[in-house]
Amino acid sequence: MGPGVLDPLLADAGLAPAPDGSLAMGGVRLAEVADTVGTPAFVYDAGTMRLRYGTLDRAFGGLPHRICYAVKANSNLAVLRLLARLGAGADIVSGGEMLRALAAGFAPQDIVFSGVGKTDEELLAAMAAGIGHLNIESLAELRRIAMLTDFHDHDVAVGIRVNPDVTAETHPYIATGKGGLKFGIPRDQFAEALEVIDAAGRMRLGAVAMHIGSQILQAAPYVAGMERLLELLEQARTAGHAPGVLDLGGGLGIRYRDEVPLDPGAWIAPLRGMMQSSGCTIHVAPGRYLVGSAGVLLTRVVFQKHSGGREIAVVDAGMNDLVRPALYQAWHEIVPVQPSGAPMVRIDVVGPVCETGDFLAIEREMAPLAQGDLLAVLGAGAYGFAMSSNYNSRARAAEVLVDDGRWAVIRPRERLTDLFRDEVTDPFAGKDS
Ligand code: LLP
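It should be emphasised that the depicted structure is a prediction, and the values quoted were computed from it without experimental measurement.

Draft legend 1. Structural context of the site of the ligand. Near the ligand, the surroundings consist of 18 residues, among which S214, G251, R324, Y328 and Y383 are the closest. Within the contact set of the ligand, an oxygen atom lies 2.9 Å away from a backbone nitrogen or oxygen of G287. With respect to the ligand, the backbone of R288 contributes an N or O atom lying 2.8 Å from an oxygen atom. Taken by itself the ligand offers 580 Å² of open surface, and the protein chains cover 91% of this. Taken together, domain 1 (3-38 + 294-420) and domain 2 (46-287) each give at least three residues to the shell around the ligand, which thus spans both.

Set out below in structure tokens:
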């Protein structure tokens, strides 16, 4: 990959050469971080997150709006606190994310609880905490909430997440706006949903919502979805409801390779008229856009080998650390932290996990690698650590936050003994059956 294609990716990530020629993020040499905390390690740049938040915030101009950060993308408390301080709300999908959001300092009323399968326990905890909206995704869930509110004496504002039945071009695993998928209430059940709310004593319709998918690069599906939301808003008003919020969900894509992402201005522009005429506060729920480019995964080359005419670099980060290449065939750019300038060769960059699908890159054009070389995997700020696991009994990586020349560990590397701390070795020992 030539420098022309790489430059915007480095700029997106706040990466630039340090005086010694090695790669630095937000004024911190990545080699220094790796030498101190070891690898693999996720490193996030606070400056990039602030920049992204500010750009999106300003794109709304004077329109009443709230950016509800999708916690699932990166739920480290330091990342959450940073975004809460900027004025973000939070979009959560589990009781665990709720606890994290509250612990990081989000006000309960600034939290929206989405998700197709909330349990009674999660719903009651959300009501008790005074969560802003429960975004419901099925009639069954709505009826369940009606029952719980009556029984437990709670008032609750719900958002109806509608399935707008629009197609967004993205990986099929992360497209959510098409009819027949598990997400949202089909439009033809909207009237019935309103009736359930009417019949329930303590529920009110606070929002009409959608989320059409993730890593979306065009505005058109949002425009199509928004048109449908406005029709339903009208229908709700006619039926006597007064929702104050229109929620467009997240999904704004980023550059991983040579994509041309939609900048927030170009995203909002074709929607502005409709947003204005809705008379509602507009909610958006981006995850990846705010944090994806702001993170790298640092990994070192453990061994090199040649096999079947291929050049293979085995690195110390695997699919348990960053599953996106294995799961979505996702491209993550990989750059040496100390550039060599040597002519490019084709290399398979693979992890240590015992699966053929455990790779970060296949036949990637890059300068030759040697044992011990430090690499930065770009675009790892979203759905990186958050999707990591302990597969192969590997400790989850350290996380580091960089902020304008300073850096701090925001989650230490897991200790291997912690991985089996709560396991019971011999559960029936001494107990006769
Ligand atoms: N709101 C809802 C209801 C969602 O389900 C999602 C993401 C978002 C907001 C935020 O979407 P974003 O702005 O980050 O695109 N693991 C996949 C992405 C899964 C997205 C799931 N839902 C990946 O690594 O590409």
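Having seen it, we continue.
Draft legend 2. Quick peek at the pattern of salt bridges. In this structure the tally under the stated criterion is 22 salt bridges. The partner of R411 in a salt bridge is E414, with the nearest N and O atoms 3.0 Å apart. A residue is classified by how much of its surface remains accessible, and E414, at 16% relative accessible area, is buried. Bridged by salt links that share partners, the residues R415, D418, R421 and D422 form one connected network.

Draft legend 3. Representation of the domain arrangement of the protein chain within the structure. What the domain assignment lists for the protein chain is domain 1 (3-38 + 294-420) and domain 2 (46-287). When each unit is reduced to the centre of its C-alpha atoms, the spacing between domain 1 and domain 2 is 32 Å. Contacts between the two partners involve 25 residues from domain 1, matched on the other side by 19 residues from domain 2. Across the domain 1/domain 2 interface, buried area totals approximately 2,100 Å², and carbon plus sulfur atoms make up 55% of it. In terms of surface lost to domain 2, no three residues of domain 1 exceed D12, W331 and Y383, which account for 26% of the buried area on that side. D12 is the partner of R255 in a salt bridge, and the nearest nitrogen-oxygen pair spans 2.8 Å. Our count for the domain 1 to domain 2 interface comes out at 7 residue pairs in polar contact (both at pLDDT 80 or more). Elements with a contribution of two residues or more to the side of domain 1 that touches domain 2: α1 (3-12), α12 (324-328), β20 (398-403) and β21 (406-411).

Each value, and the rule that gives it
Numbers given for residues are sequential positions, taken from 1 along each chain in its written order. Totals for whole chains, interfaces and linings use all residues, but because this is a predicted model, local features are given only for residues with pLDDT of at least 70 and pairs of side-chain atoms are given and counted only at 80 or more. Excluded from the side-chain calculation are hydrogens and water; included are all heavy atoms of the structure. Nearness is judged by heavy atoms alone; a residue qualifies as near a molecule or strand once a single heavy atom is within 4 Å of it. In the analysis that follows, any N or O atom pair within 3.5 Å is treated as a polar contact, provided that within protein one partner can donate a hydrogen and the other can accept it, and provided that, for residues neighboring in sequence, both atoms belong to side chains. Computed by Shrake-Rupley with a 1.4 Å probe, the accessible areas treat only the displayed protein chains as cover when residues are assessed. Note that the domain bounds were set by an automatic or database domain assignment. What counts as a salt bridge is simple: a side-chain nitrogen of Lys or Arg found within 4 Å of a carboxyl oxygen of Asp or Glu. For the exposure calls, accessible area comes from a 1.4 Å probe over protein chains only, and a residue counts as buried if that area is under 20% of its type's maximum, exposed if over 50%, partly exposed in between. Whether two residues are in contact is decided by their heavy atoms: any pair within 4.5 Å suffices. Once two parts are brought into contact, the accessible area they lose, counted with a 1.4 Å probe and summed over both, makes up the buried area. Each helix corresponds to a stretch of at least 4 residues labelled H or I by DSSP, and each strand to a stretch of at least 2 residues labelled E; elements are numbered beginning at the N terminus.

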